[in-house]
Amino acid sequence: MSAILQGAGAATSLSPFNSIDSNKLVPPSRSSLSVRSKRYIVAESNVIKSFGSGLITRRSKPLIANAVATKRENAASSTSSKPGHELLLFEALQEGLEEEMDRDPHVCVMGEDVGHYGGSYKVTKGLADKFGDLRVLDTPICENAFTGMGIGAAMTGLRPVIEGMNMGFLLLAFNQISNNCGMLHYTSGGQFTIPVVIRGPGGVGRQLGAEHSQRLESYFQSIPGIQMVACSTPYNAKGLMKAAIRSENPVILFEHVLLYNLKESIPDEEYICNLEEAEMVRPGEHITILTYSRMRYHVMQAAKTLVNKGYDPEVIDIRSLKPFDLYTIGNSVKKTHRVLIVEECMRTGGIGASLTAAINENFHDYLDAPVMCLSSQDVPTPYAGTLEEWTVVQPAQIVTAVEHLCQ
Amino acid sequence: MALSRLSSRAKPLLQPLAFTALRRHISTDNTPLTIETTLPFTSHLCESPSRTVETTSSELLSFFHDMALMRRMEIAADSLYKAKLIRGFCHLYDGQEAVAIGMESAITKKDAIITSYRDHCTFLGRGGKLIDAFSELMGRKTGCSNGKGGSMHFYKKDASFYGGHGIVGAQVPLGCGLAFAQKYGKEEAVTFTLYGDGAANQGQLFEALNIAALWDLPAILVCENNHYGMGTAEWRSAKSPAYFKRGDYVPGLKVDGMDALAVKQACKFAKEHALKHGPIILEMDTYRYHGHSMSDPGSTYRTRGEISEVRQVRDPIDRVRKLIISHDIATEKELKDMEKEVRKEVDAAVAQAKESPIPDPSELFTNIYVKGFGAESFGADRKELRATLP
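Per an unreviewed UniProt entry, chain B goes by the name Pyruvate dehydrogenase E1 component subunit alpha and belongs to Arabis alpina. UniProt, in its Cofactor (unreviewed entry) section for chain B, records the words "thiamine diphosphate". The heading Subunit (unreviewed entry) in the UniProt record of chain B holds the text "Tetramer of 2 alpha and 2 beta subunits."

The name that an unreviewed UniProt entry assigns to chain A is pyruvate dehydrogenase (acetyl-transferring), with the source organism given as Arabis alpina. Comment text from UniProt for chain A, heading Function (unreviewed entry), reads "The pyruvate dehydrogenase complex catalyzes the overall conversion of pyruvate to acetyl-CoA and CO(2). It contains multiple copies of three enzymatic components: pyruvate dehydrogenase (E1), dihydrolipoamide acetyltransferase (E2) and lipoamide dehydrogenase (E3)." UniProt, in its Subunit (unreviewed entry) section for chain A, records the words "Tetramer of 2 alpha and 2 beta subunits."

J.: For this particular structure, what's the right way to read the interface of chain B and chain A?
T.: Quoted interface sizes are often the accessible area lost when the parts come together. With 56 residues of chain B in contact, the opposing surface of chain A contributes 64 residues. Summed over both partners, the interface of chain B with chain A comes to about 5000 Å²; 65% of that surface belongs to carbon and sulfur atoms. One can count 0 salt bridges joining chain B with chain A. On inspection of chain B and its partner chain A, the count reaches 15 residue pairs in polar contact (both at pLDDT 80 or more). Of all the secondary-structure elements, those providing two or more residues to the side of chain B that touches chain A are helix H6 (171-184) and helix H7 (203-214) of chain B. Ranked by residues supplied to the side of chain B that touches chain A, first place goes to H6(B) with 9 residues. Split by residue class, the side of chain B that touches chain A holds 31 nonpolar, 14 polar and 11 charged.

J.: Explain the environment of Ile220(B) to me, please; I cannot follow it from the model alone.
T.: All names here are of chain B. On the secondary structure map, isoleucine 220 appears in strand S6 (residues 219-225). Using a relative accessible area of 0% as the deciding quantity, one classes isoleucine 220 as buried. Counting along the chain gives 127 residues from isoleucine 220 to aspartate 347, while the straight-line C-alpha distance between them is 35 Å. Discounting chain neighbours no more than four positions away, the residues touching isoleucine 220 are Val190, Thr191, Phe192, Thr193, Ala270, Lys271, Ala274, Ile280 and Leu282.

J.: Explanation requested: the UniProt feature "domain: Transketolase-like pyrimidine-binding" (unreviewed entry) in chain A in the structure shown.
T.: As annotated in UniProt, the feature "domain: Transketolase-like pyrimidine-binding" (unreviewed entry) corresponds to residues 87-262 of chain A in the numbering used here. When the span residues 87-262 of chain A is considered, its composition is 36% helix and 18% strand, and the gap between its end C-alpha atoms is 8 Å.

J.: How do you make sense of the domain arrangement of chain A when you look at a structure like this?
T.: Residues and elements named next belong to chain A. Domain annotation of chain A identifies domain 1 (84-267) and domain 2 (279-406). Taken over C-alpha atoms, the centre of domain 1 sits 26 Å from the centre of domain 2. If you look at the interface, domain 1 gives 31 residues, while domain 2 gives 27 residues. With both sides pooled, the region where domain 1 packs onto domain 2 buries about 2300 Å², and carbon together with sulfur makes up 53% of that total. When the buried surface of domain 1 facing domain 2 is broken down by residue, Gln207, Arg215 and Gln221 rank first, second and third, together holding 27% of it. There are 21 residue pairs in polar contact (both at pLDDT 80 or more) connecting domain 1 and domain 2. Elements represented by at least two residues in the side of domain 1 that touches domain 2 include exactly helix H8 (217-220), strand S6 (227-230), helix H9 (234-246) and strand S7 (251-256). With 4 residues, S6 is the single largest residue contributor to the side of domain 1 that touches domain 2. Considering only residue class, the side of domain 1 that touches domain 2 consists of 15 nonpolar, 13 polar and 3 charged.

J.: Mind showing me how you'd approach the sheet that holds strand S2 (residues 42-44) of chain B here?
T.: Across a sheet, strands are paired by hydrogen bonds formed along the backbone, either parallel or antiparallel in direction. All names here are of chain B. As summarised here, the arrangement of the 6 strands in space is S2-S9-S10-S6-S5-S4, forming an open sheet in which the pairing is mixed. Edge positions in the sheet fall to S2 and strand S4 (112-114), since each has one partner strand and no second. Each adjacent strand pair in this sheet contributes to an overall mean axis angle of 20°, direction not counted. Pairing between S6 and strand S10 (residues 280-285): 6 bridges, direction parallel. Pairing of isoleucine 220 across the sheet is with isoleucine 280, part of S10.

J.: Sorry if this is basic, but what is going on with the nonpolar core here?
T.: Note that soluble globular proteins tend to have their nonpolar side chains buried in a common cluster. If you look at the biggest cluster of nonpolar residues, it comprises 81 residues, and the most contacted ones within it are Phe220(A), Phe254(A), Leu290(A), Ile318(A), Ile359(A), Phe180(B) and Tyr195(B). For this core, the leading source of residues is H6(B), giving 8 residues. Non-local contacts of Ile359(A), meaning those with residues more than four positions away in its chain, are made with Leu290(A), Ile329(A), Val333(A), Val339(A), Ile341(A), His364(A), Leu367(A) and Val371(A). Counting 74 residues, the second largest nonpolar core, distinct from the first, contains Phe41(B), Leu60(B), Met70(B) and Leu92(B).

J.: Help me understand helix H10 (residues 295-308) of chain A, please; the structure alone is not making it clear to me.
T.: Since the α-helix turns once every 3.6 residues, residues separated by three or four places project in the same direction. Residue and element names in this part refer to chain A. Between its terminal C-alpha atoms H10 stretches 20 Å, which fits the 20 Å expected from 14 residues at 1.5 Å a residue. Summarising the contacts, the buried residues of H10 are in contact with H9, strand S9 (279-282), strand S10 (287-291), strand S11 (313-317), strand S13 (339-346) and helix H14 (395-405). With its phi angle positive at about 100°, glycine 310 sits one or two positions after the end of H10.

J.: Just to check I follow, could you spell out the confidence of the model for chain B for this structure?
T.: Note that predicted coordinates carrying low pLDDT should not be read in detail. Residues and elements named next belong to chain B. Chain-level statistics for chain B give a pLDDT mean of 88 and a share of 88% at 70 or above. Note that residues 1-24 has pLDDT below 50 and, in this model, 32 contacts with residues that lie over four places away or in other chains. In the model, residues 384-390 has pLDDT below 50 throughout and makes 18 contacts with residues more than four positions away in sequence or in other chains. The ipTM, which scores confidence in the relative placement of chains, is 0.82 for this predicted complex, and the corresponding pTM is 0.81.

J.: Explain the confidence of the model for chain A here, please?
T.: Confidence in the prediction for chain A averages 82 pLDDT; 80% of positions are at 70 or higher. Counting contacts from residues 1-80 of chain A, a segment whose pLDDT is below 50, to residues more than four positions away or on other chains yields 142 contacts.

J.: Any chance you could explain the UniProt feature "domain: Dehydrogenase E1 component" (unreviewed entry) in chain B here in plain terms?
T.: UniProt records the feature "domain: Dehydrogenase E1 component" (unreviewed entry) at residues 66-361 of chain B, using the numbering of this structure. Along residues 66-361 of chain B one finds 46% helix and 10% strand; the C-alpha atoms at either end are 36 Å apart.

J.: How do you make sense of the sheet that holds strand S14 (residues 372-376) of chain A when you look at a structure like this?
T.: All names here are of chain A. In space, the 5 strands of this open sheet follow the order S9-S11-S10-S13-S14, with mixed pairing throughout. Edge positions in the sheet fall to S9 and S14, since each of these pairs with one other strand and no more. Each strand of the sheet is rotated relative to its neighbour by a mean of 25°, with strand direction disregarded. Across 5 bridges, S10 lies against S11 in parallel orientation. Paired with leucine 290 across the bridge in S11 is isoleucine 316. Across the sheet, H14 touches S10, S13 and S14, and the angle it forms with S13 is around 150°.

J.: How should I be thinking about the domain arrangement of chain B in this particular structure?
T.: We note that the domain assignment places domain 1 (38-359) and domain 2 (361-389) within chain B. For domain 1 of chain B versus domain 2 of chain B, the separation of C-alpha centres amounts to 38 Å.

J.: How do you make sense of unusual backbone geometry when you look at a structure like this?
T.: Excluding glycine, a negative phi dihedral is what most residues carry, and trans is how most peptide bonds are arranged. Residue Lys322(A) is joined to Pro323(A) through a cis peptide bond whose omega torsion reads 0°. Secondary-structure assignment places Pro323(A) in the loop between strand S12 (320-322) and helix H11 (326-336).

J.: Just checking my understanding: could you explain the pattern of salt bridges for this structure?
T.: If charged atoms from side chains of opposite charge come close, those side chains can pair. All names here are of chain A. Scanning the model with the defined rule gives 41 salt bridges over all chains in all. For glutamate 98, the salt bridge is made with lysine 130, and the minimal N-O distance between the two is 2.8 Å. Of this pair, glutamate 98 sits in helix H3 (residues 89-103) while lysine 130 is found in helix H4 (residues 127-131), placing the two residues 32 residues apart along the sequence. The class for glutamate 98 is partly exposed, based on a relative accessible area of 23%. Taking the relative accessible area as the measure of exposure, lysine 130 reaches 42% and is therefore partly exposed. Between lysine 309 and glutamate 403 there is a salt bridge; the shortest N-O distance is 2.8 Å. Here lysine 309, found in the loop between H10 and S11, pairs with glutamate 403, found in helix H14; they are 94 residues apart in sequence, far enough to count as distant.

Rules and cut-offs
- Residues numbered from 1 in each chain as written.
- Chains lettered and ligands numbered in written order.
- Predicted model: local features only at pLDDT ≥ 70, side-chain atom pairs only at ≥ 80, totals over all residues.
- Heavy atoms only, no water.
- UniProt positions renumbered as here; feature names shortened; annotations may be inferred.
- Contact = heavy atoms within 4.5 Å.
- Buried area = accessible area lost by both parts, 1.4 Å probe.
- Salt bridge = Lys/Arg side-chain N within 4 Å of Asp/Glu carboxyl O.
- Polar contact = N/O pair within 3.5 Å; in protein donor to acceptor, adjacent residues only side chain to side chain.
- Helix = DSSP H or I, 4+ residues; strand = E, 2+ residues; numbered from the N terminus.
- Nonpolar A, V, L, I, M, F, W, Y, C, P; charged D, E, K, R; others polar.
- Buried < 20%, exposed > 50% of the residue type's maximum accessible area, 1.4 Å probe, protein only.
- Domains from an automatic or database assignment.
- Pairing = 2+ DSSP bridges.
- Axes fitted to C-alpha atoms, helices over the stretch in contact; angles between N-to-C directions.
- Core = buried A, V, L, I, M, F, W, Y, C linked by side-chain atoms within 4.5 Å.
- Expected span 1.5 Å × (residues − 1).
- pLDDT = per-residue confidence, 0-100.

Okay, structure coming up:
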């Protein structure tokens, strides 16, 4: 059943909720209050259900003292109490890649300028010297062909990590990714597995222009047979890279151009992150904010403001874009009853649209307000800095949205 | 494999005939023969292989038997399609059997073959069974891809047959990837990547060829030139129809694709070349009697006269038949009997496939992801977390 819901959820997209009739919403309990017994209906005219009494009771909570609580989350996510070592996100990716290449001789890297040049974002720096030209391959500029080659090699058992210098260039390889990568396991009746990892930086950068600021997760999300993950911190970057390489399924790992220089301390011992699991960044009570990649940082910035204003947002980095971790998300929705999705995809047909549909289908009974989705504008990313800033979601917009939903 | 099938069945076939002249039993006869190919090879940037081909009488008989089997299978598929038991697209290979057969005879099962959607006979040549093929065509559970692939997605992993691809030209980068993996693993094997004259104009082919030549991959690109890209003749779609020369810096060889022995010679030569020097292009000059697929009558862009002329003058099975008869390996009647046996075999396989079960509804969701390390499509009811190192 869950598989059908997943499939159905991912395929549809919803029109955005632009306004909420605030009169009809029940205010959250922020100060000491008695147990609430009844809920009221949400504003949309086409919503029929009403929540019965005695559904879920709310208890009051004291105001949250520390705003972002990052230290608590890092301790929760890292497995040990040892200090570990500090590094930047691209170094974490490199470490993960190097460890996997050491561990399994079948792992190889192919992409443009990954070898002698060291990678355009230094993720593969030093690997060509260590592993040689046959394992770290500099390809000519032909995404269609080298993605296809990686998939062909994977059919025999090699585990290529295919790098797109920018995610947008992988549009040229869309045929290979969709038809061969995603479907060969199915159409061959299970005979072949395609253990490739396709990775690259995407997202809106600093005035890179429209063609180099694309978010391909929305285009790839309907391809059956692939998994998509997005990393956002050095810890999960390394963990997801290792897990993606070890997975027998094709995994697309989305990195973000602006996050490569994030610094964090990660454990010394070997670890991986589960590919289908979402990360709880900040537990809360009032509203669930779902986000991924760079928008996580905008959300956390907004969370500081929100906490000062007295709200208690629960922030979840969904990490797994396909399939969604509906377990974590669902438990959160059951707790908070309000959902805000903050993403960098376009409004039309993006990850947020699919996630909205999935949440509405699965957790409709638990929602007090319509799912709100803040996405980038449906425009090609302009070059001018101020305009570019306004194509993506800014912390101020997130704060306004939360206030709106929690009224 | 065909040989053993032949030897186990030819004996009971022959005994009732009691021709003393045939006491030299076809099945065990390995008399070497040297036969000239009908046409010389044309080469580009390499030397042509010799026109004289070494073969044996049993090999010629196996050629005949296997090609007859392939031909019969395709004709049976034609009638099954018209009876609506096969749906969707069905691309038939009759007329081109010599390419599949000749190639098989020159290589081993460690060498990989990857081709496009016209893959039924290539699958058979790689050791696929008739029952697997027909079940897959009719969408049954016993098919080679469990009924989930269809006509365009036949695969056989244990025989290094990598399919079976629907998108024109997309298999060429895959094929170069297979060659890369062979080089990576230092296997002394090559990959034959087959594509058509229509796909020869795809950009990804030249991209893949560039990489293959750059990295010295043991890739052999075989253009099965049947002169028509669906309805468009080659002179209308390619500025330069000399496909074996299109590689520019990559050597090429033009072969008469209706002559199984010429194909065998060329593939043997190509394998040696690829293992030493890198990629090579083979252009097989061949012809298909059916249209592009079953939805295409095949006569709107070419005359029936042309089709029947090729059938009379260049048919691959007739050529081998004449060789067998002229070298006294078997008589005409014996060959006809062999064809009858083949027909019975195909009919039996069709009947068995018709009885095969259709896949369960639960099969819709299998083989999308590989189960195992943390990969399942879970939904809201996941019970536990898994984040351990395997």
